[in-house]
Amino acid sequence: MPGVELRRVPVETAITVLVILTVLAGTVTMAALRPEVTPNVWDYTMPPVACAAAVFRRRFPISALLLAGAAAGFYYPLAHLDGWILLAVLLTLFTAADLGHLAAAATITVAGLLAVTLGEVNSPIRHLDDSQFLLLGGWVFATLAMGGMSRNRRAYLAEAGRRLAEAERTREEEARRRAAEERLRIARELHDTLGHNISMINVQAGAALHRIKDRPGQAETALATIKEASKEALRELRATLGMLRQVDEDSPTGPAPSLARIRELADRSGLAVRIEILGEPRALPAEVDHAAVRIVQEALTNVTRHSGAGAAEVVIQYGDADLSLRIDDHGPGAWPRSETGFGIIGMRERATALGGSLEAGDRRTGGFRVSARLPLRGIS
């Protein structure tokens, strides 16, 4: 974590400086406290060597540990003063373990303790008695353990940070995906409802304009259909906008589109629609019922727009596992073969979103056919 690393640098520098000053001051202090002991060259050379190792311990952790250990290995059997060189050794040991070189640090530690033991045995001057040697071993292994724990803690924090960042990225991607799906769903709703109703209004307005002088009764019927279609369009537009504004679900939005009202839909299409229902009609899952109505609605709208036919057939088959739809027209002209529009694309998206399928194409006997299959199982 960047903030942690920025704070670690001055702390480590301060610790390094403190250890070096303590080790170097220890030589001077012990010489002053023990005037009867004459220091030799090892007293003055090995502490600076161990301090130099401590300076470069992060760049060369194993080499620094070996150098500091070697300095201590020469210091204790050969030096006359009992200085504090062990602090520099412990610092390099901790750093090596903290950087992940735990096995190498443990091996060097054991070898160093054996070397110190042999040196103490063969030296005419005992720097450490038995209790001090055990205390030394305890400090060394405790430092090794603390270095390993520091490494594990840093790895844990890094992994936790990585998982947090990954979770945040996943949440953002999921939010973007859901927003895109919601925009697509609303676009389909607006396309299907407004496209259907406005197309119907256009057809009925043309019929009313054509008949208003010769057959005013039929013109009046067309105008009534226009009024009903515009009312339906406004209702569904308000419902869609209500979803965008997140209005209360209990707000009155009128009856939801349903296959149970398919006859009303057909009557408003301006076409002579023959409806055939196969199987036993029953209540459908809301999403299946909604998708089925929109597919039929869009198909009839496209018949009005593109086929030139005045009639269409709608076949609804209730199966055990799925709902099948078929919308045929017998117009002289086929629908546009290019799918640059959104009608067929939107119908297919509705079907595939439920795990179903939709096919649209010319009929062999003329006209156009839309057939869809919407599964019922697995839909809650």
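Residues numbered from 1 in each chain as written. Predicted model: local features only at pLDDT ≥ 70, side-chain atom pairs only at ≥ 80, totals over all residues. Heavy atoms only, no water.

Going by the annotation in an unreviewed UniProt entry, the name recorded for the protein chain is histidine kinase, with Streptosporangium canum given as the source organism.

## Some remarks on the packing of helix α9 (residues 286-307) against helix α10 (residues 343-353)
The contact between α9 and α10 brings their axes to 10 Å, and the two run at 165 degrees. Viewed along their axes, α9 and α10 adopt a mutual orientation that is roughly antiparallel. In the crossing of α9 with α10, the sense of the turn from one axis to the other is left-handed. Two secondary-structure elements touch here, α9 through His290, Ala291, Arg294, Ile295, Glu298, Ala299 and Asn302 and α10 through Gly343, Met347 and Arg350. For the contact of α9 with α10, the residue count by class is four nonpolar, three polar and three charged. (Axes fitted to C-alpha atoms, helices over the stretch in contact; angles between N-to-C directions. Helix = DSSP H or I, 4+ residues; strand = E, 2+ residues; numbered from the N terminus. Parallel < 35°, antiparallel > 145°, perpendicular 65-115°, else oblique. Left-handed = near helix turned anticlockwise from the far one by under 90°. Contact = heavy atoms within 4.5 Å. Nonpolar A, V, L, I, M, F, W, Y, C, P; charged D, E, K, R; others polar.)

## With respect to the packing of aromatic side chains
Going through the model one piece at a time under the given rule, you end up with one aromatic pair. Ring geometry for tryptophan 42 and phenylalanine 74: centres 5.6 Å apart, planes at 5 degrees, overall stacked. With tryptophan 42 in helix α2 (residues 41-55) and phenylalanine 74 in helix α3 (residues 61-78), the pair connects residues that are 32 residues apart, well separated along the chain. By relative accessible area, phenylalanine 74 is classed as partly exposed at 43%. (Phe/Tyr/Trp six-rings, centres within 6.5 Å; stacked < 30°, edge-to-face > 60°. Buried < 20%, exposed > 50% of the residue type's maximum accessible area, 1.4 Å probe, protein only.)

## So, the UniProt feature "transmembrane region" (unreviewed entry) in the protein chain
In the numbering adopted here, UniProt assigns the feature "transmembrane region" (unreviewed entry) to residues 12-33, 60-78, 85-111 and 131-149. Annotation note: span residues 85-111, helix share 85%, strand share 0%, distance between end C-alpha atoms 17 Å. (UniProt positions renumbered as here; feature names shortened; annotations may be inferred.)

## With respect to the UniProt feature "coiled-coil region" (unreviewed entry) in the protein chain
Per the UniProt entry, the sites bearing "coiled-coil region" (unreviewed entry) are residues 157-190 in this numbering. Between the end C-alpha atoms of residues 157-190 there is a gap of 49 Å, over a span that is 100% helix and 0% strand.

## Some words on α9
Over its 22 residues, α9 extends 31 Å from the first C-alpha to the last, a length consistent with the 32 Å expected when each residue adds 1.5 Å. Counting buried positions along α9 yields 17 of 22 residues, so the element is predominantly enclosed. Just beyond α9, the residue with positive phi is glycine 308, at close to 80 degrees. (Expected span 1.5 Å × (residues − 1).)

## Concerning the sheet that holds strand β2 (residues 311-318)
Taken in spatial order, the five strands line up as β1-β2-β3-β5-β4 in an open sheet, and their pairing is mixed. The open sheet has two free edges, formed respectively by β1 (272-278) and β4 (357-362), since each of these has just one partner strand. In this sheet, neighbouring strand axes are inclined to one another by 10 degrees on average, regardless of whether the strands run parallel or antiparallel. Pairing between β4 and strand β5 (residues 368-375): six bridges, direction antiparallel. Looking at β5, one finds that alanine 360 is bridged to valine 370. (Pairing = 2+ DSSP bridges.)

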